[in-house]
Amino acid sequence: MMISRTVSILRNLAVVMLLAAVLGGCRSSRNVSSADGGLSRKGDSVAQAVFPVTLQECYATVAGQYAAWERLRIPVKVTLRSPKAVSISGTAIMDRGKSVMISLKFFGMEVGALYVTNDSVLVVDKMKKRYFTDRTESLLGGFPANVSNLQDMLLGRAFIVGCENVPDVAHDMEFDKIGDEMWLMSAKTGIVDYGFSFSPWDTLLGLVICVTDRYPPVMCEYAPAVTTGYGPFSPRFAISANLPKMRVEAFMEWDFKKARWNEEVELRMLSVTPKYTRINPSDFSRMLKTDQ
């Protein structure tokens, strides 16, 4: 296993670790042994009474619950455990498939903000009037996800890389059964391997992302979904990753009771003035590790 440290804040981490094993350290076999010693392959049906439908049917159940939405404004609490400990609240504004804006506040005053589009990411430190910008691909470590995929990852929905919404049938995905009550959906593109773990029939447990030959797996964990007028979303997203020069452990908590949708949401773009100083990637990494 490429990641040996366990993260106490993640529930059901063993399931996510098992998914990483199925991805084979990003490069090995696509099959996984079931509880009775058999192997399940792409599209296989499961004959046992506790799993009476095919895994493609399980996927169709998941996809069928995901109603479309256009805009979302929602309170969020961001907690960072590593590289340093900090917790702060704010508001996220999402334009489906186009942008993610997260404003962080302290005693009602905006102290920082993040703005992500399909092309670029902008991070602004308003207290010290500095900012960092880079390509979105760099932010994601080479993971070829679009903004829709990023939104789904943050909000606790399965996705297929490059697709705006999950299709009715996932032709290019691998499906595997784990024991009697869990199943996996994964893909190996040659550039990146990724996969989701579910508990029957439709509860998303975790996500593992492997950027082949570059980094150890990124592991994500989700709390049980809450029901909204636009389908299920997870109120808690946790992530752990070993980056080249630091380990990141963080989680985000979403307050869907106070969420606003679509025409109720006014979009906001993030920009900086000439008074702000641009910092380079190495300075940004040091900023994450210290209070400077």
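The structure contained in this document is the topic of the report that follows. (Residues numbered from 1 in each chain as written. Predicted model: local features only at pLDDT ≥ 70, side-chain atom pairs only at ≥ 80, totals over all residues. Heavy atoms only, no water.)

### Describing the pairing of strand S12 (residues 203-211)
- By the criterion of burial, S12 is predominantly enclosed, with eight of the nine residues buried.
- Where strand S11 (residues 192-199) meets S12, eight bridges bridge the pair, whose relative direction is antiparallel. Note on S12: the bridge partner recorded for Ser 197 is Gly 206.
- As consecutive antiparallel partners, S11 and S12 are separated by three residues.
- In this sheet, strand S13 (residues 218-222) lies alongside S12 in antiparallel orientation, the contact comprising four bridges. In the sheet register, Leu 207 faces S13, and the bridge partner there is Cys 220. (Buried < 20%, exposed > 50% of the residue type's maximum accessible area, 1.4 Å probe, protein only. Helix = DSSP H or I, 4+ residues; strand = E, 2+ residues; numbered from the N terminus. Pairing = 2+ DSSP bridges.)

### Regarding the packing of aromatic side chains
- Tallied over the full model, the rule gives 15 aromatic pairs.
- Ring plane angle 10° and centroid distance 6.1 Å describe the contact between Phe 159 and Tyr 194, whose orientation is recorded as stacked. Of the two residues, Phe 159 is situated in the loop between helix H4 (147-155) and strand S9 (174-178) and Tyr 194 in strand S11; the sequence distance between them amounts to 35 residues.
- Take Tyr 194: its relative accessible area is 2%, and that puts it in the buried class. (Phe/Tyr/Trp six-rings, centres within 6.5 Å; stacked < 30°, edge-to-face > 60°.)

### Regarding the side chain of Asp 125
- Among the secondary structure elements, Asp 125 is positioned in strand S7 (residues 120-125).
- Given a relative accessible area of 14%, Asp 125 falls into the buried group.
- A polar side-chain atom of Asp 125 sits 3.1 Å from the main-chain amide nitrogen of Met 127. (Polar contact = N/O pair within 3.5 Å; in protein donor to acceptor, adjacent residues only side chain to side chain.)

### Digging into the environment of Pro 75
- Its location among the elements puts Pro 75 in strand S3 (residues 71-82).
- Overall, the relative accessible area of 28% leaves Pro 75 in the partly exposed class.
- C-alpha of Pro 75 to C-alpha of Trp 254: the two residues are 179 residues apart in sequence and 6.1 Å apart in space.
- Setting aside residues up to four positions removed in sequence, Pro 75 forms contacts with Gly 90, Thr 91, Glu 253, Trp 254, Asp 255 and Lys 258. (Contact = heavy atoms within 4.5 Å.)

From the geometry alone we can't say anything about function, so treat these as descriptive.
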